[in-house]
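Single-letter residue listing:
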Amino acid sequence: MNEATSSTAPMIRTQDVNKHFGELHVLKDITIEVPRGQVVVVAGPSGSGKSTLCRTINRLEPIDSGTIEVDGEPLPKEGKALAKLRADVGMVFQQFNLFAHKSIVDNVTLGPIKVRGKSKSAAREEAMELLTRVGIADQAEKFPAQLSGGQQQRAAIARALAMNPKVMMFDEPTSALDPEMVQEVLDVMASLASEGMTMFVITHEMGFARRAAHRVIFMDYGSVIEDTSPEEFFTNPRTERAQDFLSKILTH
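Residues numbered from 1 in each chain as written. Predicted model: local features only at pLDDT ≥ 70, side-chain atom pairs only at ≥ 80, totals over all residues. Heavy atoms only, no water.

Relative to the helices and strands, Val-34 resides in strand β2 (residues 24–34). Note on Val-34: relative accessible area 0%, which makes it buried. Taking the C-alpha atoms as reference points, Val-34 and Asp-71, 37 residues apart in sequence, are found 9.8 Å from one another. (Helix = DSSP H or I, 4+ residues; strand = E, 2+ residues; numbered from the N terminus. Buried < 20%, exposed > 50% of the residue type's maximum accessible area, 1.4 Å probe, protein only.)

Taken in spatial order, the six strands make up an open sheet running β6-β7-β8-β3-β9-β10, and their pairing is mixed. Two strands lie at the open edges of the sheet, namely β6 (89–92) and β10 (223–228), each paired on one side alone. Strand-to-strand twist across the sheet, computed as the mean angle between neighbouring axes with direction ignored, equals 15°. Where helix α5 (residues 149–161) meets the sheet, it contacts β6 and β7 (167–171), and its direction lies at approximately 170° from that of β6. Lying over the sheet, helix α9 (residues 240–249) contacts β3 (39–43), β9 (215–220) and β10, oriented at roughly 100° with respect to β9. (Pairing = 2+ DSSP bridges. Axes fitted to C-alpha atoms, helices over the stretch in contact; angles between N-to-C directions. Contact = heavy atoms within 4.5 Å.)

Another aspect to go through is the pairing of strand β8 (residues 198–202). Side-chain direction in a regular strand flips from residue to residue, so the side chains alternate between the two faces of the sheet. Among the five residues of β8, five are classified as buried, and the element is accordingly described as predominantly covered. Alternating positions in β8 separate into two faces, Thr-198, Phe-200 and Ile-202 on one and Met-199 and Val-201 on the other, with burial throughout. Across four bridges, the pairing between β3 and β8 is parallel. Looking across to β8, one finds that Val-41 is bridged to Val-201. Bridge analysis of β7 against β8 gives five bridges, and the strand direction is parallel. By the bridge assignment, Met-168 is partnered in β8 with Met-199. The parallel pair β7 and β8, bridged by helix α6 (residues 179–194), forms a crossover whose chirality is right-handed. (Right-handed = clockwise from strand over helix to strand, strands pointing away.)

Let's shift gears to the environment of Pro-76. When you line up the elements, Pro-76 lands in the loop between β5 (73–74) and α2 (79–88). Overall, the relative accessible area of 18% leaves Pro-76 in the buried class. Linking Pro-76 and Leu-98, residues 22 residues apart in sequence, is a C-alpha distance of 26 Å. Setting aside residues no more than four positions away along its own chain, Pro-76 makes contact with Arg-59, Ala-81, Leu-82 and Leu-85.

Our next topic: the nonpolar core. By size, the foremost hydrophobic cluster in this structure holds 51 residues, and its most contacted members are Leu-131, Ile-157, Met-168, Phe-170, Met-189, Met-199 and Phe-208. With nine residues, the top contributor of residues to this core is α6. Discounting chain neighbours no more than four positions away, the residues touching Met-168 are Gly-90, Val-92, Ile-157, Ala-160, Leu-161, Leu-192, Met-197, Thr-198, Met-199 and Phe-200. (Core = buried A, V, L, I, M, F, W, Y, C linked by side-chain atoms within 4.5 Å.)

Now for unusual backbone geometry. In the Ramachandran plot, Asp-16 falls in the positive-phi region, its phi being about 50° despite a non-glycine side chain. In this structure, Asp-16 sits in strand β1 (residues 12–21). At Arg-59, a residue that is not glycine, the phi angle is positive and equals roughly 65°. By secondary structure assignment, the location of Arg-59 is in the loop between α1 (50–57) and β4 (65–70).

On to the packing of helix α3 (residues 104–114) against α5. When two helices pack together, their arrangement is given by the angle between their axes and by how far apart the axes lie. Contact geometry of α3 with α5 gives a least axis separation of 8 Å together with a crossing angle of 25°. It follows from the interaxial angle that α3 and α5 lie roughly parallel. Two packed elements cross with a definite hand, and for α3 against α5 that hand is right-handed. Facing α3, whose interface residues are Ile-104, Asn-107 and Val-108, α5 presents Ala-155, Ala-158 and Arg-159. Taken together, the residues of the contact of α3 with α5 sort by class into four nonpolar, one polar and one charged. (Parallel < 35°, antiparallel > 145°, perpendicular 65-115°, else oblique. Left-handed = near helix turned anticlockwise from the far one by under 90°. Nonpolar A, V, L, I, M, F, W, Y, C, P; charged D, E, K, R; others polar.)

As annotated in UniProt, the feature "domain: ABC transporter" (unreviewed entry) corresponds to residues 12–246 in the numbering used here. Taken end to end, residues 12–246 is 39% helix and 26% strand, and its two terminal C-alpha atoms sit 27 Å from one another. (UniProt positions renumbered as here; feature names shortened; annotations may be inferred.)

Turning our attention to the packing of α3 against helix α4 (residues 120–133). One way to put it is that α3 packs onto α4 with a least axis distance of 9 Å and a crossing angle of 125°. Compared by their axis directions, α3 and α4 come out oblique. Crossing geometry of α3 relative to α4 is assigned as right-handed. Here Ile-104, Val-105, Val-108, Thr-109, Pro-112 and Ile-113 of α3 lie close against α4, whose contacting residues are Lys-120, Ala-123, Arg-124, Ala-127, Met-128 and Leu-131. Of the residues that constitute the contact of α3 with α4, the class distribution is nine nonpolar, one polar and two charged.

Written as structure tokens, this is what we have:
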């Protein structure tokens, strides 16, 4: 894990962030802070702006106005500083985005060798430790297509962790998986959460939110509608929109 820094800045801070796609106002004055070590679950209906928010935090999407800081530093626009930021912010997507022509262990070592400048032997040793941690060390020499979806997503988590990121972002990491594979990925995420990793998780898996999150942010139509504890969110949602969302998602 990362060495504790003396900084007291939140790991993620957004202030009055706005984003449009053409006429569509997808993020409306988003202001949130995520302290280091906190696990935040972002929930909300499709089209509420959750994924766009996730993508703005490591500048996969530029913003129209407002500010975003990671570990006290404003997001760089481009160049080496942006590459460093992306190395510090681990991203796990809905689709696994593994390199199909590389083995699982090579997928995991690529970033540490190319970006962090690690030796092949050190990177491989660490990769095998991470693959053990996510429960797929026995699949290390296989190619992504030879693994189940759940195993591929666990490999993608190991790949993100190999960069020793300051924060892990998950954008609906289980939504492309068959139901029986969802739990194996959530278990890995819950174990990361218990180790103190700062996590920003977009998910419909409300069981994970109850079990592992410190906080639930509920978004709708590009705005943060609720920002509260899981206990409060599930037992006493304050807005009709959240009540309606929960009634649909918790009964199916």
